[in-house]
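So the chains spell out like this:
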Amino acid sequence: MAALRGLPWFAKVYLVAVIGAAFALLGYSVAVSGRLEQLDWSNLLVLALLFLVCESVPTLLNVKQAAVSVSFSAALAAVVLVGPEGAALVGMTAVFSVRPGLPLVKRLFNGAQFAVCGYVAGKVYEWLGGGVGLPTIAGFDDLIVPFTGAAAVFVPLNFILIALVLVLTGQADQVPLRGVAQFMVSYLGYATFGLLIAGLWATVSSISAVLVLLPLFVARWAFGQYNAQQRSYDATIAALCQAVETKDYYTRGHCTRVSLASGMIAHEIGMGSERLRAIRYAGMLHDVGKLGVPTKVLQKDGPLTEEEFAAIQLHPMRGLEIVRGIDFLDEAFAGIMHHHERQDGKGYPMGLAGDEIPEFARIIAVADAFDSMTSDRSYRGARPVEVAMAELRKGAGTQFDPVMVVAFIKAVDRDGWEPPRKVITPPAGAAETTTKDHDDPTMPIQVVSER
C-alpha cells in the first residue's frame, strides 16, 4: 500500500471507501443474506476466468496510462447467470490481472469498483424483474428490459468511479468529458454482448463466451492497431514540427500552440472528430514549408529584398510539396497551402478572397496570428491576450474570417488561454533571429527593391 503515500488525503479516503464498500457487500452476502451458498460455482468460475482474461489484455488508448477492455461484458453476463453477488465476485477478480507494473492499490481499486458496479447492476436487474440463472429460449425476451436497466447503471457508474479517482489524484485532464456521450453509447453497445453470452449459455454452455468474445478480441486487436497507427502519425508530425522550429529559437512551441488554437476554433464551429484531428495536424505543420526557405532569410535582421520576400511567400507551397505524400493529412493540405490568404484577397500564395479560401486555412490564419502576437519575439515582448484579441477583431473582414474570429474569442472566453512562457535570451552561439515576423499582422515586413 506504499503507493497511497504520495496521494492527496481526499484521494486516499475515496480509494479506501470504494475498496471498503466492495468488501462490505461481499461480507454482507456471506454473513447475512447467505446467497453465496446458492451460486452456481461452475458457471461463476468460467465467467471469472473470462473476465480475468479480458481484463489482462486491454487496449491502450492515446490518453496517457489509459486503457479499455471488454471485461464488463463478462461481468454483465454474470448479472444474469449468477446474480448480484456472483457479478461482484467476477468483478473482484480484476485484482488478479496479469497486466505488468500494476500497483496493488490500483488492482484493489479496479477489483472493488467492478465489484460495486456488478452488485448494483445485479440489484437493478432483479428489481426490474430479471430472473437469475440459465435463461430459456422462451423466456429470453423477458431478460431484455431488466438487462438494459442493469447495463444502463453499470456503464455510467463505472465511468463515474474511475473519473472521480482521476480527478482526486490530479489527473482530471484524462477524463474525456467532451466525448462522454460517445463513450457511453459505445460502451452500452459493447454491453449487449453480455446479454448474448447469457442467452447462448443455455444452449452451448461456456462455449458461448468464446463465440461472442472472439470477434470482440479481433475488434480489440484492430482498435489497438489503429491507435498504434495514430501514435506513429503523431510522432511523424512532431518530428517535422521540431525540424521547423530549430530554425528560429523564438518560435519554439509555436506549431503546438497553433494546433491547439485551431482545434479550439474547429470545436467551437462544430467540426466532427475526424476533421478535428486533421485541423490539428494542419496547425502543427502550417509552417513546414520554412524548411525550404534559406535560414539566412528567415533570420535576417533588417528589410528583405524582393527576392527574399518572394522566398518567404513561397513557404506555403513548399510546405505542400514536403507533405504531399503523407496520405493521412487529407484536408490538412488546404490549410498548409492557404493559411496566409486574406479575406480581402491581398494574401498569398494565390490571392484567394472570402469563401474561396478553404475553411482549414481560415481557421489557421486566426490561430497563427494570435499565437504570434502573444509570443515573445527578439524585437518585442509578448502582447497581452486582450490586445491580441482586439487586433483580431480589427482585422476581421479584411485579413481574417469574422466567423473564425468570433468562434476563437468565444472559445478563449470559455476555456481560457495559457500564453507561452517568457523566452529566455538565447544561449551563446544560438542562431540570430529576425526582427520581423511574417505571421504578426501588426508588424508588416519591410521590402526593399533590388534595383
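Only a predicted model underlies this, so the values are computations on that prediction, with no experimental measurement involved.

Draft legend 1. Spatial organisation of the overall build of the protein. For the protein, the helix and strand inventory stands at 16 helices and four strands. Across the 451 residues that make up the protein, the buried fraction comes to 47%. Put simply, of all contacts in the protein between residues at least 6 apart along the chain, 72% involve residues at least 24 apart. Of the roughly 21,400 Å² of accessible surface on the protein, 62% is carried by carbon and sulfur atoms.

Draft legend 2. Just the pattern of salt bridges, in detail. Using the criterion set out here, one finds nine salt bridges in the structure. Ionic pairing is found between Arg257 and Asp371, a salt bridge with its closest N-O pair at 2.5 Å. Here Arg257 is found in helix H8 (residues 254-268), whereas its partner Asp371 is found in helix H14 (residues 359-373), with 114 residues between them in sequence. No difference in accessibility class separates Arg257 from Asp371, as the two residues are buried. Salt-bridge contacts for Glu274 lead to Arg277; the nearest nitrogen and oxygen are separated by 3.2 Å.

Draft legend 3. Examining the environment of Leu47 more closely. Counting through the fold element by element, Leu47 comes out in helix H2 (residues 41-56). The exposure class of Leu47 is buried, given its relative accessible area of 0%. As for Leu47 and Ala87, which are separated by 40 residues in sequence, their C-alpha atoms are 9.0 Å apart. Each residue touching Leu47, except ones within four places of it in the same chain, is listed here: Ala74, Ala77, Ala78, Leu81, Val82, Val90 and Trp201.

Draft legend 4. Fine view of helix H4 (residues 104-127). With 24 residues, H4 ought to run about 34 Å at 1.5 Å a step, and its terminal C-alpha atoms sit 34 Å apart, in line with that. Just downstream of H4, Gly129 is the residue with a positive phi angle, here 95°.

Draft legend 5. Quick peek at helix H16 (residues 402-415). The terminal C-alpha atoms of H16 lie 20 Å apart, and with 14 residues this matches the ideal 20 Å at 1.5 Å per residue to within 8%. Every buried residue belonging to H16 is among Met404, Val405, Ala407, Phe408, Ile409, Ala411 and Val412, and all of these are buried. Where H16 is buried, its residues touch H8, H14 and helix H15 (385-395). Sitting at the amino-terminal end of H16 is Asp401, which places a side-chain oxygen 2.9 Å from the backbone nitrogen of Val403.

Draft legend 6. Expanded view of the packing of aromatic side chains. Evaluated as defined, the whole model comprises six aromatic pairs. Note on Phe370 and Phe408: the rings are 4.7 Å apart at their centroids and 75° apart in plane angle, and the pair reads as edge-to-face. Residue Phe370 is located in helix H14, and its partner Phe408 is located in helix H16; the two are separated by 38 residues in the primary sequence. For the pair Phe370 and Phe408, a shared accessibility class is recorded, and that class is buried. Look at Phe408 and Trp417: their rings are 6.2 Å apart centre to centre, the planes differ by 75°, and that puts the pair in the edge-to-face class. Across this residue pair, the class does not change: Phe408 and Trp417 are buried.

Draft legend 7. Structural context of unusual backbone geometry. A cis geometry characterises the amide bond from Tyr348 onward to Pro349, with omega recorded as 15°. Checked against the element boundaries, Pro349 lands in the loop between helix H13 (332-338) and H14.

Draft legend 8. Fine view of the nonpolar core. Core analysis: the biggest nonpolar cluster contains 57 residues, and Leu47, Phe51, Leu76, Val79, Val90 and Phe154 have the highest contact counts within it. Those elements giving two or more residues to this core turn out to be helix H1 (9-33), H2, helix H3 (71-92), H4, helix H5 (141-168) and helix H6 (180-204). In terms of nonpolar packing, the next biggest core, distinct from the first, is built from 47 residues, Val244, Leu285, Leu329 and Val385 among them.

Draft legend 9. Broad picture of a nonpolar patch on the surface. A cluster of nonpolar side chains, contributed by Trp9, Phe10 and Val13, occupies part of the molecular surface with about 350 Å² of accessible area. Within the element layout of this structure, Trp9 appears in helix H1. Given the relative accessible area of 61%, Trp9 is considered exposed.

Conventions adopted
Residues numbered from 1 in each chain as written. Predicted model: local features only at pLDDT ≥ 70, side-chain atom pairs only at ≥ 80, totals over all residues. Heavy atoms only, no water. Helix = DSSP H or I, 4+ residues; strand = E, 2+ residues; numbered from the N terminus. Buried < 20%, exposed > 50% of the residue type's maximum accessible area, 1.4 Å probe, protein only. Contact = heavy atoms within 4.5 Å. Areas by Shrake-Rupley, 256 points an atom, 1.4 Å probe, with all protein chains shown as cover. Salt bridge = Lys/Arg side-chain N within 4 Å of Asp/Glu carboxyl O. Expected span 1.5 Å × (residues − 1). Polar contact = N/O pair within 3.5 Å; in protein donor to acceptor, adjacent residues only side chain to side chain. Phe/Tyr/Trp six-rings, centres within 6.5 Å; stacked < 30°, edge-to-face > 60°. Core = buried A, V, L, I, M, F, W, Y, C linked by side-chain atoms within 4.5 Å. Patch = residues over 30% accessible without salt bridge, like charges linked within 9 Å, V, L, I, M, F, W, Y side chains within 5 Å.

None of the figures reported here should be taken as evidence of function without further support.
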